[in-house]
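What the coordinates show
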Amino acid sequence: VQLVESGGGLVQPGGSLRLSCAASGFTFSNFGMTWNRQAPGKERELVARIGISGITTYTADSVRGRFTISRDNAKNTVYLQMNSLKPEDTAVYYCNRDFPPLPWGEGTQVIVSS
């Protein structure tokens, strides 16, 4: 069972990034998925959640209207489109299975800075 995040990097405020999470080792289409982030010195927090069909989504207040979660069940991949990035979005971003969760992967670093 594995989750591999990618797509992070350094971006200027106002910029965009698209994160990807490739899942393997379980039946991806049977589970909701989440994106989470952990900023330096802070607890990990939920950013977005998506249901098994991709129709039902949730995004945290702090990113609503700027971030969009989506999934491709044929590719066993969940995405996080991040627009209008702010310095406070700087964090390591992790995906996970909604329930039951899996051990955390390595995440992908996002740095928003000019």
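Please refer to the structure placed before this passage.
Note that the structure is a prediction, hence the values are computed from the model and not measured. (Residues numbered from 1 in each chain as written. Predicted model: local features only at pLDDT ≥ 70, side-chain atom pairs only at ≥ 80, totals over all residues. Heavy atoms only, no water.)

**Here's the deal with the environment of I55**
Formally: In this description a helix means any DSSP run of H or I spanning at least four residues, a strand means any run of E spanning at least two, and both kinds are numbered starting from the N terminus.
Topologically, I55 is positioned in the loop between β5 (45–50) and β6 (57–59). As for I55 and R71, which are separated by 16 residues in sequence, their C-alpha atoms are 9.6 Å apart.

**Describing the sheet that holds β6**
Applied cut-off: Two strands are counted as paired when DSSP detects at least two bridges linking them. The axes are straight lines fitted to the C-alpha atoms, using for helices just the contacting stretch, and the angles between their N-to-C directions are given from 0 to 180°.
One open sheet accounts for six strands, arranged β2-β10-β9-β4-β5-β6; its pairing is mixed. Here the strands that pair on one side only, and so sit at the sheet edges, are β2 (9–11) and β6. Within the sheet, the average angular offset between the axes of one strand and its neighbour, ignoring direction, is 25°. Summarising the sheet, strand β4 (residues 33–38) and strand β9 (residues 91–97) pair through six bridges and their orientation is antiparallel. Opposite Q38, over in β9, you have V92 as the bridge partner.

**Quick word on the state of the cysteines**
Rules: A pair of cysteine sulfur atoms is labelled a disulfide when the two atoms are within 2.5 Å.
Tallied over the full model, the rule gives one disulfide. With its sulfur 1.8 Å from that of its partner, C21 forms a disulfide with C95. The sign of the 50° torsion about the S-S bond sets the C21-C95 disulfide as right-handed. Here the residue C21 occupies a position in strand β3 (residues 17–24), and C95 occupies one in strand β9, the gap between them amounting to 74 residues.

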